[in-house]
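What follows is each chain in one-letter form.
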Amino acid sequence: MAATLTFLGIESSCDDTAAAIVRDTPGEPPRILAETVIGQGALHADFGGVVPEIAARAHAERLDLCAEAVLARAGLGVRDLDGVAVTAGPGLIGGVLAGVMFAKGLAAAAGLPLVGVNHLAGHALTPRLTDGVAFPYLVLIASGGHCQFVLVEGADRFHRLGGTIDDAPGEAFDKVARHLGLGAGGGPAVEAEARAGDPARFDLPRPLLDRPGCDLSFSGLKTAVLRATETLGPIGPQDRADLCAGFQAAVADVLGAKARAALALAGGVAVFAAAGGVAANGAVRAALGAAAASAGVDFVVPPVRLCTDNGAMIAWAGIERFREGARDGMDLAARPRWPLDDRQAGMLGAGRKGPKA
Ligand code: KG4
Ligand code: ZN
């Protein structure tokens, strides 16, 4: 019988420094023993986006605090761990490097195995951590830097069925929020505004719905919102709410329709799961859930804190890969780009914001 494994997971690929400890005992649901996330929103607020150099420095300053905090909260010492898992890409290279260097130092000093994890694999495998979903299943990863439908066949076997050909949906939410004066509030701010809005007032496009397959596009939709504001003159509170509601409804419609197409392509999976920050959106969840229901498959969506970037998904992906024999050495590389499905290395859809997930 396989052994119980307790892993520390480290995540620093974008603007959240995160650590968690996950314990997996065969025959029992895995347990998150402790988790922490230190966001960097305030550090980047004045710049209208994540500044890579500021992000990297903040990660380097905070990684050891995060690791110490989760060990203390779990009541464990370094010697109680069975391994260290770390995001080795894709992401902002300075942050990924900070995490990989920290994890190497800890693994070497404590004599622990090291496992490098693809950040997108962390998102894609989260439904197994939270809900024990069996392979194969379909997952939509929809975040600030990524949008793709992935058939997950194993801990290291991913088949990308389609994805965005331009912007990621979270990026579109963030740009719409900024344009409408909602500052750095991003998707959650748009969702809050949309509650008081009429989604039908503005006629916004549903890009690529006329095309077969499950590729998506959000750039034209974002531009249509910006154009609509130009026709209005000064924007009042009701205009803002209606634009947010219309935009959110269009994103949800597109994701729902393309989820139906992806489920048809996936052929016979029992579960459709969602991950990434945009899966926190209520309208998006409802549209994805409806797509799953119409295909007769179960819909699994992890709790919001495990949809957005976190250390638990990295610890869990590390455990899954370790059980399959993965071990990395001190030559583990930090990779700015790292497609999940390397049969499709020239993939579209990394999002214009860059390799963020
Ligand atoms: O996965 P994530 O935490 O980080 C990366 O992109 O790496 O996703 C963050 C993205 C942001 O673009 C944010 O605006 C979006 O997810 N997001 C949302 C919501 N919460 C977060 N978008 C729409 N509605 C939400 N409630
Ligand atoms: Zn992410």
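Residues numbered from 1 in each chain as written. Chains lettered and ligands numbered in written order. Predicted model: local features only at pLDDT ≥ 70, side-chain atom pairs only at ≥ 80, totals over all residues. Heavy atoms only, no water.

## Here's the deal with the domain arrangement of the protein chain
How big an interface is tends to be stated in terms of accessible area lost as the parts join.
1) Next: Entries for the protein chain in the domain assignment read domain 1 (5-127 + 309-323) and domain 2 (134-305).
2) Next: Averaged C-alpha coordinates put domain 1 and domain 2 at centres separated by 27 Å.
3) Next: Every contact between the two is made by 14 residues of domain 1 and, on the other side, 18 residues of domain 2.
4) Next: Summed over both partners, the interface of domain 1 with domain 2 buries about 1,300 Å², with 66% contributed by carbon and sulfur atoms.
5) Next: The interface formed by domain 1 and domain 2 holds two salt bridges in total.
6) Next: A salt bridge links arginine 305 to glutamate 35; its shortest N-O distance comes to 2.8 Å.
7) Next: Counting across the interface, domain 1 meets domain 2 through three residue pairs in polar contact (both at pLDDT 80 or more).
8) Next: Listing elements by their share of the side of domain 1 that touches domain 2, those giving two or more residues are β3 (31-39), α4 (119-131) and α11 (312-323).
9) Next: In terms of residues, the side of domain 1 that touches domain 2 owes the most to one element, α4, which gives seven residues. (Domains from an automatic or database assignment. Contact = heavy atoms within 4.5 Å. Buried area = accessible area lost by both parts, 1.4 Å probe. Salt bridge = Lys/Arg side-chain N within 4 Å of Asp/Glu carboxyl O. Polar contact = N/O pair within 3.5 Å; in protein donor to acceptor, adjacent residues only side chain to side chain. Helix = DSSP H or I, 4+ residues; strand = E, 2+ residues; numbered from the N terminus.)

## What to know about the sheet that holds strand β8 (residues 157-163)
1) Next: Sheet architecture is open: five strands sit in the order β8-β7-β6-β9-β10, paired in mixed fashion. The open sheet has two edge strands with one neighbour each: β8 and β10 (298-300). Averaged over all neighbouring strand pairs, the angle between strand axes comes to 25 degrees, with direction disregarded.
2) Next: Note that strand β7 (residues 147-154) and β8 share six bridges and pair antiparallel. Each residue of the ladder has a partner; that of valine 150, found in β8, is arginine 160.
3) Next: Packing of helix α9 (residues 282-295) onto the sheet brings it into contact with β6 (137-142), β9 (271-275) and β10, and relative to β10 it is tilted by some 155 degrees. (Pairing = 2+ DSSP bridges. Axes fitted to C-alpha atoms, helices over the stretch in contact; angles between N-to-C directions.)

## Let's talk about the packing of aromatic side chains
1) Next: The tally for this structure, following the rule as stated, stands at four aromatic pairs.
2) Next: Taken together, a centroid distance of 5.8 Å and an interplanar angle of 40 degrees make the contact between phenylalanine 272 and phenylalanine 299 tilted. Placement of the pair is phenylalanine 272 in strand β9 and phenylalanine 299 in strand β10, with a sequence separation of 27 residues.
3) Next: Under the relative-accessibility criterion, phenylalanine 272 is labelled buried at 0%.
4) Next: Taking relative accessible area as the criterion, phenylalanine 299 reaches 25% and is therefore assigned partly exposed. (Phe/Tyr/Trp six-rings, centres within 6.5 Å; stacked < 30°, edge-to-face > 60°. Buried < 20%, exposed > 50% of the residue type's maximum accessible area, 1.4 Å probe, protein only.)

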